[in-house]
Amino acid sequence: MIGATGPAGQAVAVQYAAIGERVVVGSRSAERAAATVGELRERWPGRDLDLVAGDNRAACEADVVVLAMPWEGVPGTLADLSDALRGRLVVSMVNALAKWGRYVVPVVPPTGSVSAAVALALPESRVAGAFHHLPAGAWADLDHPLEADVLVVAERRADAREVVALVDRLPGLRGVDAGNLANAAGIEALTATLVGINVRYKAHATLRLGGVEHG
Ligand SMILES: NC(=O)c1ccc[n+]([C@@H]2O[C@H](COP(=O)([O-])OP(=O)(O)OC[C@H]3O[C@@H](n4cnc5c(N)ncnc54)[C@H](OP(=O)(O)O)[C@@H]3O)[C@@H](O)[C@H]2O)c1
């Protein structure tokens, strides 16, 4: 996990660690990563979470690398790590959002989406997008799994299938192949709408598609 010290990365980390995966909690600072691992273990003392602290470069050694950072940090981070990410499956959960007065609004990057920007920055990696809509605070609660569909985008269908299978392993979640990276623009922008709904209704809204069967 790159950027795993924030709420989004922590949620992904505990969810996969809870199903028995080893997760490298990455950060720009190995000390911050170690502190995060300590906090997560303290929060879930009864669970045998295989969490390893490292810097973001160490996190690139995982088979699947999830990006969880503010979108402004993505170009610089990937410029530094593109060699380490060569050949890896990189899953971006990054949304381009900004504050507009008291509202959270979508920002459309020049590439159309952050996922497309990630693919441009990492031409030798396999890039996908997923997890954009899951409210991290609620998702991080291992005792109360969220019920949600997770839209997965990737340029290659085999990569999308791999990420859908990874999503399907988590309690309560169902992965749905939502097409190629061009579709990430709408998916990332929809996050701003869901954030607004959560604020208005004091909720943790998730997405559920009707009429789609798979498996
Ligand atoms: N929060 C949610 O509910 C949620 C849900 C789904 C998707 N997302 C998306 O996931 C991403 C992360 O969300 P978050 O709420 O966890 O964000 P965050 O707390 O603001 O940032 C996560 C981590 O990114 C690192 N970081 C911050 N600025 C950076 C920069 N300029 N360059 C490189 N690394 C930087 C920091 O880690 P270090 O300082 O330790 O390096 C920080 O702890 C966002 O794009 C968000 O839209 C969030």
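Residues numbered from 1 in each chain as written. Predicted model: local features only at pLDDT ≥ 70, side-chain atom pairs only at ≥ 80, totals over all residues.

### Some remarks on the site of the ligand
Part 1 of the argument: Neighbouring the ligand are 26 residues, the closest being Gly3, Gly6, Ser27, Gly73 and Ala136.
Part 2 of the argument: For the shell around the ligand, the element with the most residues is helix H1 (residues 7-18), which contributes three residues.
Part 3 of the argument: Here the residues of the shell around the ligand are counted per class, giving 13 nonpolar, ten polar and three charged. (Near = placed C-beta within 6 Å. Helix = DSSP H or I, 4+ residues; strand = E, 2+ residues; numbered from the N terminus. Nonpolar A, V, L, I, M, F, W, Y, C, P; charged D, E, K, R; others polar.)

### Regarding the sheet that holds strand S4 (residues 89-92)
Part 1 of the argument: A sheet is described by the order of its strands in space; here five strands give the open sequence S3-S4-S7-S8-S9, paired in mixed fashion. Every interior strand has two partners, whereas the edge strands, strand S3 (64-67) and strand S9 (173-177), have only one. Recorded for the sheet is a direction-independent mean angle of 30 degrees between the axes of neighbouring strands.
Part 2 of the argument: Here five bridges tie strand S8 (residues 148-154) to S9, and the two strands are oriented parallel to one another. When the bridges of S9 are listed, Val152 appears paired with Asp177. (Pairing = 2+ DSSP bridges. Axes fitted to C-alpha atoms, helices over the stretch in contact; angles between N-to-C directions.)

Function cannot be inferred from these measures alone, as they are strictly geometric.
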